[in-house]
Amino acid sequence: MKVLLTGGAGYVGSHCAKLLRESGHDVWVYDNLVFGHRGAVPRERFIEGDLLDGAKLTAAFRDHRIDAVMHFAAFAYVGESVTDPAKYYHNNVVGTLSLLEAMRAADVKKIVFSSTCATYGVPEKVPITEAEKQQPINPYGFTKLVIEHALADYAHAYGFGYAALRYFNASGAAEDGSIGEDHDPETHLIPLVLQVALGQRTEVLVFGDDYPTPDGTCIRDYIHVDDLGRAHIAALEQLTPGSELKLNLGTGAGATVQEVIEAARRLTGHSIPARVVERRPGDPPALVADASLARKVLNWKPKYVGIEPIVASAWKWHKAHPQGFGD
């Protein structure tokens, strides 16, 4: 299949592109490089462009005879979405509508959408099933939910086949160590912890240790980025005109912040100083996926189970690439 990945030079997108190529698909990456990295994807398969450039998108679809889209291009800093919602609505909503219209113009009707557990807000029950109410508590989560609704409408009206994959905490790096996580600014726990081990930070901050969890720190469901990639490919290969998939992607097992830090200490041999500070507003005590529907529908299950192998893969990347992609 000929697949275009918007935002495909970013963290999850680049790992999906690598796995797609290894699975025999014909892959093109479309990215404006605001957060993506040229070094994360083959140069001969890269198209630099913006979601809002509908003419360029339509030309890319037609020139490369694209069959399907994987859509990763979005701004994803929750705090920034609160202080600058206009930026998020413009890029994540208006930009995605531009993409969908370019797809319509080129008669491309299959799309796998990178959604998020942030569409659930603060869940009433954990583990979280797809039946949980979607009540986002920040503009980032709401922009993703808006697009889920748009995709449903496009499926009903125009025959689009789509998958909205709501994933939890993407983590880890490619098994061969060739690509990994490189954000600026970095906000994800595992790379922040490993930057302390590399001497790039003096300590890691723990936002609250008085939650109703085994050690008082927040619980999150860390899912390896390659497991996410395999689920995206499985979803893509199931899409037909008018089909709709809305699935959680996680391991079903959470790890506390303290457990992540302890795993990193064991793997790196570094003491990794940690300092407890005040809770962040809006941080739920626990976010863990019930991904049983994805396991059943996609015939998929995570390969990386437990926090230690995930942190080990990330450490392999960060140790070999202390400056990330260096671009």
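In what follows, the structure referred to is the one given above.
Rules of the game
Residues numbered from 1 in each chain as written. Predicted model: local features only at pLDDT ≥ 70, side-chain atom pairs only at ≥ 80, totals over all residues. Heavy atoms only, no water. Helix = DSSP H or I, 4+ residues; strand = E, 2+ residues; numbered from the N terminus. Buried < 20%, exposed > 50% of the residue type's maximum accessible area, 1.4 Å probe, protein only. Axes fitted to C-alpha atoms, helices over the stretch in contact; angles between N-to-C directions. Parallel < 35°, antiparallel > 145°, perpendicular 65-115°, else oblique. Left-handed = near helix turned anticlockwise from the far one by under 90°. Contact = heavy atoms within 4.5 Å. 1 Å grid on protein atoms, 1.4 Å probe; cavity = no way out; pocket = protein on both sides within 12 Å on 5 of 7 lines; lining within 4 Å. Points joined across faces, edges and corners; volume = space filled by probe spheres on them. Nonpolar A, V, L, I, M, F, W, Y, C, P; charged D, E, K, R; others polar. Expected span 1.5 Å × (residues − 1). Phe/Tyr/Trp six-rings, centres within 6.5 Å; stacked < 30°, edge-to-face > 60°. Pairing = 2+ DSSP bridges. Core = buried A, V, L, I, M, F, W, Y, C linked by side-chain atoms within 4.5 Å.

Caption draft 1: Up close: the side chain of Arg166. Its location among the elements puts Arg166 in strand S6 (residues 161–167). For Arg166, a relative accessible area of 3% translates into the label buried.

Caption draft 2: View of the environment of Asp84. Relative to the assigned elements, Asp84 resides in the loop between helix H3 (78–83) and helix H4 (85–106). The class of Asp84 is partly exposed, set by a relative accessible area of 33%. Along the sequence, Asp84 and Gly24 sit 60 residues apart, while their C-alpha atoms lie 41 Å from each other.

Caption draft 3: The packing of H4 against helix H5 (residues 139–158), seen in detail. It is the contact of H4 with H5, at a shortest axis distance of 9 Å, that shows an interaxial angle of 20 degrees. Relative to H5, H4 is oriented roughly parallel. Crossing hand, H4 versus H5: right-handed. Of H5, the residues touching H4 (which contributes Pro85, Tyr88, Tyr89, Asn92, Val93, Thr96, Leu97, Leu100, Glu101 and Arg104) are Pro139, Tyr140, Phe142, Thr143, Val146, Ile147, Ala150, Leu151, Tyr154 and Tyr158.

Caption draft 4: Main features of the layout of surface pockets. Estimates place the volume of the second largest pocket at around 370 Å³. The residue makeup of the lining of the second largest pocket, split by class, is six nonpolar, ten polar and six charged.

Caption draft 5: How the structure looks around helix H7 (residues 225–236). For H7, with twelve residues, the first-to-last C-alpha span of 16 Å sits near the 16 Å given by 1.5 Å per residue. Judged by how many residues are buried, H7 sits mostly within the fold: eleven of twelve residues are covered. Residues of H7 that are buried: Val225, Asp226, Asp227, Leu228, Gly229, Ala231, His232, Ile233, Ala234, Ala235 and Leu236.

Caption draft 6: Fine view of the packing of aromatic side chains. Counted under the stated rule, the structure contains six aromatic pairs. Consider the rings of Tyr154 and Tyr158, whose centres lie 5.0 Å apart with planes at 70 degrees: the pair is edge-to-face. In this pair, Tyr154 and Tyr158 are both assigned in helix H5, four residues apart and thus about one turn of the helix distant. Exposure remark for Tyr154: the relative accessible area of 12% places this residue in the buried category. Residues Trp317 and Phe325 carry aromatic rings whose centres are separated by 5.0 Å and whose planes lie at 45 degrees to one another, so their mutual orientation is tilted.

Caption draft 7: Seen up close, the sheet that holds S6. Pairing within the open sheet is parallel, and its seven strands lie in the order S3-S2-S1-S4-S5-S6-S11. Two strands in the sheet have a free side with no partner beyond their single neighbour: strand S3 (46–48) and strand S11 (244–249). Shown here is a sheet whose adjacent strand axes are inclined to one another by a mean of 20 degrees, direction ignored. Helix H1 (residues 11–22) contacts strand S1 (2–6), strand S2 (26–31), strand S4 (68–71) and S6 of the sheet and is inclined by roughly 170 degrees relative to S1.

Caption draft 8: Examining the sheet that holds strand S14 (residues 286–287) more closely. Read across the open sheet, the three strands follow the order S12-S9-S14; overall the sheet is mixed. If you trace the sheet from one side to the other, it starts and ends with strand S12 (255–256) and S14, each paired once. Where strand S9 (residues 219–220) meets S12, two bridges bridge the pair, whose relative direction is antiparallel. Within the sheet, the bridge partner assigned to Ile219 lies in S12 and is Thr256.

Caption draft 9: Local environment of the nonpolar core. Counting residues in hydrophobic clusters, the biggest one holds 37 residues, and the most contacted among them are Leu5, Val12, Met70, Leu249 and Leu298. When contributions to this core are tallied by element, the ones reaching two or more residues are S1, H1, S2, S4, S6, H7, S11 and helix H9 (292–298). Sorting elements by how many residues they give to this core places H7 first, with seven residues. If near-sequence neighbours (up to four positions away) are discounted, Met70 is found in contact with Val3, Leu4, Leu5, Thr6, Cys16, Leu20, Val112, His232, Ile233 and Leu236. Val69, Ala73, Tyr162 and Ala164 belong to the second largest nonpolar core, which has 28 residues in total.

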